[in-house]
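Chain by chain, the residues:
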Amino acid sequence: MADLRMAGVVWRLAVRDLWHGRARALLAVLVIGVTVAGGIAVDALVRSSEETDARFAERSLGEVANARVQWFGADSAQQSPRADLAFMGGDDLPIADVEDRLEELLPPGAATLPMLGGTVTLRSGGVLTDWVSALQGEVTDPAAAGLVSPWEGELPTAHDEVSLSRDLAQRLNLTVGDAVDGRAGHDEDFASLTVVGVHENNPRGSEVVMAAGSLLQTSATALADAATIWFVTGADLSWDWVLAGNELGFITVSRDVVLDPPASSQVPIFDGAPPESVTLGGIAVLVLAAVIVGGTLVVLLIAPVFAIGARRSRRDYALLRSHGASRRHIRDVMLRSSGLTGVIAAVIGTGAGLLIAAGIVMVAQLSGSTAFPDLRLPWLDALVFVLAGAGIALLAAWAPARRAMREDPLHAMRNSEPTAAVPWRRTLLIFLLLVAGGVAAAAVAAFTGQRWLLLIGGALAAVAVIVALPAALIPLSRLSARLPVASRAGVREAARRPSRTVPAVTGVAAALALAICISIVTATQYATAGSRWALRADPGTLLIYDGFYTAASGSENPFVDSSQVAGAGEESTTEGEAARQRLHDTIDRYIPGSDLYDVRMLALEGDPYPRILIPQGKPCPAWADYTEEYNRLTGRSPGTGRPAPASSQNCWIDKGITDLNRQPLWSTDDGGNIAVDDGTLITALGLPGADRAAQAIADGKIVLTRPLDLWEDGTAHLGIMGDDPVEMARWEQLLEDAGSQGVYENPPDPVEVDTVIADAVVMDWPTAQWQAFIPESLLAGAPLGEHAPVAERVGLVATGNGLMEVEALDELRNELLSLGVHEATQARDYANTGLATTLTSVTGVAALIALAATWGTAQLGITDMRPDLRLLHNIGTSPRTRRRIAASLTLVIGLLGTAAGTLCGIALGIGTAAAIAGDLDIDSGAWALTIPWWPVVGVGIGVPLITAALTWLRESTRR
């Protein structure tokens, strides 16, 4: 009975302690609440961003259709259940034959609604937008219900009507009733269309929707021009049916399969993939590690609040002890008070986080964004977050509560520090164990490739820094001897009261560490993406690609210096130099003073074609070696043909694989991109080292764009290649015999007809645009001259005066279109507005968090020191001296906290960035660990100085 009465007393004391320390509790509520709100909001947003099976089916098929079927070639295909991953290909067939195959395959009772899918070009006013996805057909048919969701207006029913997605309508500044010009092919005339509707954005749908008989035209064969898409109604299509369709070249999105997907073992395209349990297990470990790290940081962040609160309540606890309370009762009072704080904070934070997530999803949906298909509030997770908030508060208060229960009541009543010896040996042992654990985690990660262990290593290193903080106070007293008296008193006060200073410093460090960690991860992602960006020319240079002179377009090259008719656009009727001059005049209106340079590339008359040869014996990098994939597809034994030589077709050292700069490529008819130059083109491009490259061209040397192609003797080998007729015939027979089953055997390697060997230099330009530059003098020399070399003009380069506005560039592209140019863009450096904004925002948040944490914890420390400052006032110490003491204490807490937080943040940032890095980025050397030193140092120095100044000003108002 006595125990029950004492338990009630403990609860009453805990509530009273919480109320009396409500200023400190408010800080803890704020920290825990913000953390919980951020966590539950991110949780809800991540869940809301995931498409459910039902939403995927609705976006892909609408409300009625059971399946969407499309044919991709005569070879057999493979697909995932949602068809978001597929392998297909093969010869073309007449569309009638494909329709017959589908009719024979469909179950009884099934009906089809055919539509056409493709891309179109739209022009409104002076703005041109091409390669826009389009769907054309009977979109008002009941079988297509829900496939297109009108937002304004109605669906098109006539051939001159069109509906645009909300994003496209906004980009072209169009609304219902406006006119827009459109065409399906670049060599077709524009047709006038009326916008009769604007439909909701749909990542599974099309930006342009048209009625039957509009821009897209059905071809005689299935793979030419617009593709036929069949929407199936009247029968469910099972996974077995989908696999049977794959054998005939059909790829299918079936509602039945999407809503009830087969096991991975029944999906051929997943053959060889790791079991789901292993993949999910790795993700679970990574998530668990992130939770541990985040929870540890929050515990460290709010621990100073409870530690300083315990110090403020020392006399109260001593009085309780003198009235019969046990040590356990003192601990329970503090833990229950802290637990209540955690529950209150977690409930408020959870509610705020769910409201924030709901607001973001609502605003996104109203604005037409498809980022959040459905608002999904994780109520079970919310309960877990509430419990986690209480748990975090209890963990943070555990150490201060233990110290409070062990404190001698006599020392507490005298308000003096206990004289117990600091357990340096134990602290040193813990520090060494943490460092050893971090090093071991890094070593195991390096040895096994399990990079998630680096996250654990970074967390251990961060905690080791926190454990070492008391040792940083030892030299403070000695260093303070050279300071003025007031500053010396403040610094010594910080060093003399480690039980107050260390928690405050820890709070600042924990607050700053997380923000710095995010900054490092974001900066590394930005730098890694930037390292994969291959600059094609000096930023601002206008790159003018092909006109419509290919055989398929029926037009001639508008760049060629001849009497051929350009004829690619509506107004293009000039010839030869006149066409080129008109291009120059048009560009000059937008880029005054621009000079034009021809882009010419090497081609050979007849069947041979030129290629730069890789030196024999060079191994293929592991990240580019696809031999095992080849072995799996062809049935060869694992390990066969490995490692592949760099010249092998199984070695994909293709610049285009890692090049984020997705622009068209200049190339000759045989697909080569070896530029012929006298030095003017290289100079105009303005790439790094252009002067050295131009001089090499003048000296008759070949300029290579990657070190891989340089031979040991400093030469480059220009191969004049041809096909082996015997091996090619054998391979073609293999394809014919396989029929629709598909063949993954590589085509035969070409043979060297002749080879030109010339001195070379390497510029290491990673862009896939240029394989090499050769001097014109090589064209007439042997053996190249014997193969009738031709320098084909494939485009132009126009020097620029800086980047143009997007609107101006669109207007220029619209004018160039009438001159036969359908692709023109400006070279630019890598830029990612999202990551840049994130980095700037995180830096600002880091500064605010560090400033708030430093100010809050310093003020708690100063409040704890207030009796001492009052005593100094009573004995006549000047206000200026008291201000200096308070400011010095704040500066010490800020400097130590930001220093420790910077070290912790760097350790966590490196571990996190390495743990989440992509395999291709790591293996190909594109991963670029980046620490944003200027923001980090700026925050580390600026925050202590600002908080010290604020403390000085605040103390100035006190008497």
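About the cut-offs
All residue numbers here refer to positions counted from 1 along the written sequence of the relevant chain. Given that the model is predicted, a residue must reach a pLDDT of at least 70 before its local features are reported, and side-chain atom pairs must reach 80 or more before they are shown or counted; all residues, however, enter totals for whole chains, interfaces and linings. Hydrogens and water are ignored here; the side-chain numbers use all heavy atoms of the structure. By the criteria applied, helices consist of DSSP H or I runs no shorter than four residues and strands consist of E runs no shorter than two, each listed in order from the N terminus. A simple rule labels every residue: compare its accessible area, found with a 1.4 Å probe on the protein chains alone, to the largest value its type can have, and call it buried under 20%, exposed over 50%, or partly exposed in between. Every residue pair with non-hydrogen atoms within 4.5 Å of one another is taken to be in contact. Each accessible area is a Shrake-Rupley estimate made with a 1.4 Å probe; only the visible protein chains count as cover when residues are assessed. Any Lys or Arg side-chain nitrogen found within 4 Å of a carboxyl oxygen on Asp or Glu counts as a salt bridge. This arc is taken over the directions from the axis of the helix to the C-beta atoms. Each residue carries a pLDDT score, the predictor's confidence in it, ranging from 0 to 100. Criterion for a disulfide: a pair of cysteine sulfur atoms at a distance within 2.5 Å. Note that patches include only residues with greater than 30% relative accessible area and no salt bridge, and the join distances are 9 Å for like charges and 5 Å for nonpolar side chains (Val, Leu, Ile, Met, Phe, Trp, Tyr). Any two strands with at least two DSSP-identified bridges between them are counted as paired. To pair, rings of Phe, Tyr and Trp, with the six-membered ring standing in for Trp, must have centres within 6.5 Å; the planes then decide the type, stacked if under 30 degrees apart, edge-to-face if over 60, and tilted in the middle. Counted as over-ring charges are cases with an Arg CZ or a Lys NZ within 6 Å of the ring centre that also lie within 35 degrees of the ring normal. Side-chain atoms within 4.5 Å are what join buried Ala, Val, Leu, Ile, Met, Phe, Trp, Tyr and Cys residues into a set we call a nonpolar core. Here the expected length of a helix is defined as 1.5 Å per residue gap, with one fewer gap than residues. Whenever two N or O atoms come within 3.5 Å, that pair is a polar contact, provided that in protein one can donate a hydrogen and the other can accept it, and provided that, for residues adjacent in sequence, both atoms are side-chain atoms. His residues and chain termini do not enter the charge count, which takes Lys and Arg as positive and Asp and Glu as negative. Charge placement uses NZ in Lys and CZ in Arg. For Asp and Glu, CG and CD serve respectively. Working convention: axes come from line fits to C-alpha atoms, limited for helices to the stretch in contact. Angles between N-to-C directions cover 0 to 180 degrees. Roughly parallel covers angles under 35 degrees, roughly antiparallel covers those over 145, roughly perpendicular covers 65 to 115, and oblique covers all other angles. Three classes are used: nonpolar for Ala, Val, Leu, Ile, Met, Phe, Trp, Tyr, Cys and Pro, charged for Asp, Glu, Lys and Arg, and polar for all others, with Gly counted as polar.

S.K.: What is the right way to read the overall build of the protein chain from this model?
M.R.: Looking only at helices and strands, one finds 31 helices and 22 strands in the protein chain. Classification of the 959 residues of the protein chain by burial places 47% in the buried group. The long-range fraction of contacts in the protein chain, counting pairs at least 24 apart against all pairs at least 6 apart in sequence, stands at 82%. Accessible surface for the protein chain amounts to roughly 44600 Å². Of this, 59% is attributable to carbon and sulfur atoms.

S.K.: Help me understand the pattern of salt bridges, please; the structure alone is not making it clear to me.
M.R.: Pairs can form between side chains of opposite charge once their charged atoms are near each other. Throughout the structure, instances matching the rule amount to 12 salt bridges. Between Arg-166 and Glu-200 there is a salt bridge; the shortest N-O distance is 3.3 Å. Taken together, the positions of Arg-166 in helix α5 (residues 166–172) and Glu-200 in the loop between β9 (191–199) and β10 (208–210) put the pair 34 residues apart, joining distant regions of the chain. Residue class for Arg-166 comes out buried when judged on its relative accessible area of 11%.

S.K.: Just to check I follow, could you spell out helix α4 (residues 95–105) for this structure?
M.R.: The α-helix advances 3.6 residues per turn, and as a result positions three or four apart in sequence lie on the same side. Those residues of α4 lying buried are Ile-95, Val-98, Leu-102 and Leu-105. All buried residues of α4 lie within an arc of 90° about the axis, which places them on one face of the element. Tucked into the core, α4 has its buried residues touching β1 (67–71), β4 (111–124), β11 (227–233), α6 (239–247) and β12 (250–254).

S.K.: Mind showing me how you'd approach the confidence of the model for the protein chain here?
M.R.: Low pLDDT means the predicted atomic positions in that stretch should not be read closely. Here the protein chain shows a mean pLDDT of 78. Residues at 70 or above account for 76%. In the model, residues 272–288 has pLDDT below 50 throughout and makes five contacts with residues more than four positions away in sequence or in other chains.

S.K.: What should I look at first to understand the state of the cysteines in this one?
M.R.: Every disulfide links exactly two cysteines, by a covalent bond between their sulfur atoms. For the structure on display, the rule yields one disulfide. A disulfide bridge connects Cys-620 with Cys-651, and the sulfur atoms are separated by 2.2 Å. Since a negative S-S torsion denotes a left-handed disulfide, the Cys-620-Cys-651 link at about 90° is right-handed. Within this pair, whereas Cys-620 is found in the loop between β15 (609–612) and α20 (627–634), its partner Cys-651 is found in the loop between α20 and α21 (655–658), the two being separated by 31 residues in sequence. Taken individually, Cys-620 and Cys-651 each receive the classification buried, so the pair is uniform in this respect.

S.K.: How should I be thinking about a nonpolar patch on the surface in this particular structure?
M.R.: Taken together, the side chains of Leu-380, Leu-383, Val-384 and Leu-387 make up a nonpolar region of the molecular surface, amounting to roughly 420 Å² of accessible area. Relative to the helices and strands, Val-384 is located in helix α11 (residues 379–406).

S.K.: Help me out: how do you make sense of the pairing of strand β18 (residues 715–722) in this one?
M.R.: Looking along a regular strand, one sees side chains alternate from face to face of the sheet. Of all eight residues making up β18, eight are buried, and the element is well covered by its neighbours. Here β15 runs beside β18; their pairing, made up of four bridges, is antiparallel. Along β18, the bridge assignment pairs Arg-611 with Gly-719. As paired elements, β18 and strand β19 (residues 751–762) share eight bridges and run antiparallel to each other. Residue pairing across strands places Gly-722 opposite Val-751, the latter belonging to β19.

S.K.: Can you walk me through the packing of aromatic side chains in this structure?
M.R.: Aromatic ring pairs are defined here through the distance separating the ring centres and the angle between the ring planes. All told, the structure shown has seven aromatic pairs when counted by the stated rule. Here the aromatic rings of Tyr-626 and Trp-652 are separated by 4.4 Å at their centres, their planes lie at 25°, and the arrangement is stacked. On the criterion of sequence distance, the pair formed by Tyr-626 in the loop between β15 and α20 and Trp-652 in the loop between α20 and α21 is long-range, its members being 26 residues apart. Against the face of Phe-190 rests Arg-123, its NZ or CZ located 4.1 Å from the ring centre. Arg-166 extends its terminal NZ or CZ atom over the ring of Trp-151, reaching a point 3.9 Å from the ring centre.

S.K.: I keep staring at the nonpolar core and nothing clicks. Help me out?
M.R.: Across soluble globular proteins, nonpolar side chains show a tendency to be buried alongside one another. Ranked by internal contacts, the top residues of the largest apolar core, which has 24 residues, are Trp-666, Val-703, Trp-770 and Phe-773. Among the elements of the structure, β14 (596–604), α22 (680–685), α23 (690–698) and β21 (789–798) are those that each provide at least two residues to this core. Ranked by residues supplied to this core, first place goes to α23 with four residues.

S.K.: Sorry, what's going on with the environment of Val-258 here?
M.R.: As for its placement among the helices and strands, Val-258 is situated in helix α7 (residues 255–259). Sequence-wise, Val-258 and Arg-55 are 203 residues apart; in three dimensions their C-alpha atoms are separated by 10.0 Å. In contact with Val-258, other than residues within four places in its own chain, are Asp-53, Phe-56, Ala-57, Pro-81, Arg-82 and Val-253.

S.K.: In this structure, what is going on with helix α29 (residues 879–916)? I would like to understand it.
M.R.: For α29, spanning 38 residues, the distance from its first C-alpha to its last is 53 Å, which sits close to the expected 56 Å at 1.5 Å a residue. For α29, the tally of buried residues reaches 28 of 38 residues, placing the bulk of the element in the interior.

S.K.: Whenever I open this one, the environment of Leu-812 confuses me. Can you help?
M.R.: Position of Leu-812 relative to the elements: it lies in helix α26 (residues 806–817). Given a relative accessible area of 0%, Leu-812 falls into the buried group. In this structure Leu-812 touches Leu-542, Thr-586, Ile-587, Tyr-590 and Met-804, once residues within four positions along its chain are discounted.

S.K.: Quick question: what am I supposed to make of the environment of Gly-126 here?
M.R.: By the secondary structure assignment, Gly-126 is in the loop between β4 and β5 (127–136). What makes Gly-126 partly exposed here is its relative accessible area of 31%. Along the primary structure Gly-126 and Leu-812 are separated by 686 residues, whereas in three dimensions their C-alpha atoms are 8.5 Å apart. Beyond its immediate stretch of four places on either side in the chain, Gly-126 contacts Asp-810, Glu-811 and Asn-814.

S.K.: Help me understand unusual backbone geometry, please; the structure alone is not making it clear to me.
M.R.: Glycine aside, residues mostly have negative phi, and peptide bonds are mostly found in the trans state. The step from Arg-642 to Pro-643 runs through a cis peptide bond, and the omega angle for that step is -10°. Among the structural elements, Pro-643 can be located in the loop between α20 and α21. Along the chain, Ala-782 connects to Pro-783 via a cis peptide bond; the corresponding omega equals -5°. Within the fold, Pro-783 resides in the loop between α25 (777–780) and β21. Although it is not a glycine, Ala-83 sits at a positive phi angle of roughly 65°. Here Ala-83 lies in the loop between β2 (78–79) and β3 (86–87). With a relative accessible area of 21%, Ala-83 lands in the partly exposed category. Positive phi values are uncommon outside glycine, yet Asp-764 reaches one of about 55°.

S.K.: Before we go on, may I ask you to explain the side chain of Thr-350 in this structure?
M.R.: Structurally, Thr-350 can be placed in helix α10 (residues 327–366). Residue Thr-350 is classed as buried on the basis of its relative accessible area of 7%. Sequence-distant contacts of Thr-350, that is, excluding residues within four places in its chain, are made with Val-36, Ile-40, Ala-382, Phe-385 and Val-386.

S.K.: Please clarify how the side chain of Ser-163 should be interpreted in this entry.
M.R.: Structurally, Ser-163 can be placed in strand β7 (residues 161–165). By relative accessible area, which is 1% here, Ser-163 ends up buried. Engagement of the side chain of Ser-163 in a polar contact is seen with the backbone oxygen of Gly-197, the distance being 3.2 Å. When near neighbours in sequence (up to four residues on either side) are disregarded, Ser-163 contacts Pro-156, Gly-197, Val-198, His-199, Glu-207, Val-208 and Val-209.

S.K.: Looking at this structure, how should I read a negative patch on the surface?
M.R.: Among the surface-exposed residues, Asp-97, Glu-99, Asp-100, Glu-103 and Glu-104 lie close enough to one another that they form a single negatively charged patch. Considering the arrangement of structural elements, one finds Glu-99 in helix α4.

S.K.: Whenever I open this one, the packing of helix α14 (residues 452–467) against α29 confuses me. Can you help?
M.R.: A packed helix pair is summarised by two numbers, namely the angle formed by the two axes and the spacing between the axes. One way to put it is that α14 packs onto α29 with a least axis distance of 7 Å and a crossing angle of 175°. Accordingly, the angle class assigned to the pair α14 and α29 is roughly antiparallel. Counting all contacts with α14, which are made through Trp-452, Leu-454, Leu-455, Gly-458, Ala-459, Ala-461, Ala-462, Val-465 and Ile-466, the residues of α29 involved are Ala-900, Leu-903, Cys-904, Ala-907, Leu-908, Gly-911, Thr-912, Ala-914 and Ala-915. Partitioning the contact of α14 with α29 into residue classes produces 15 nonpolar, three polar and no charged.

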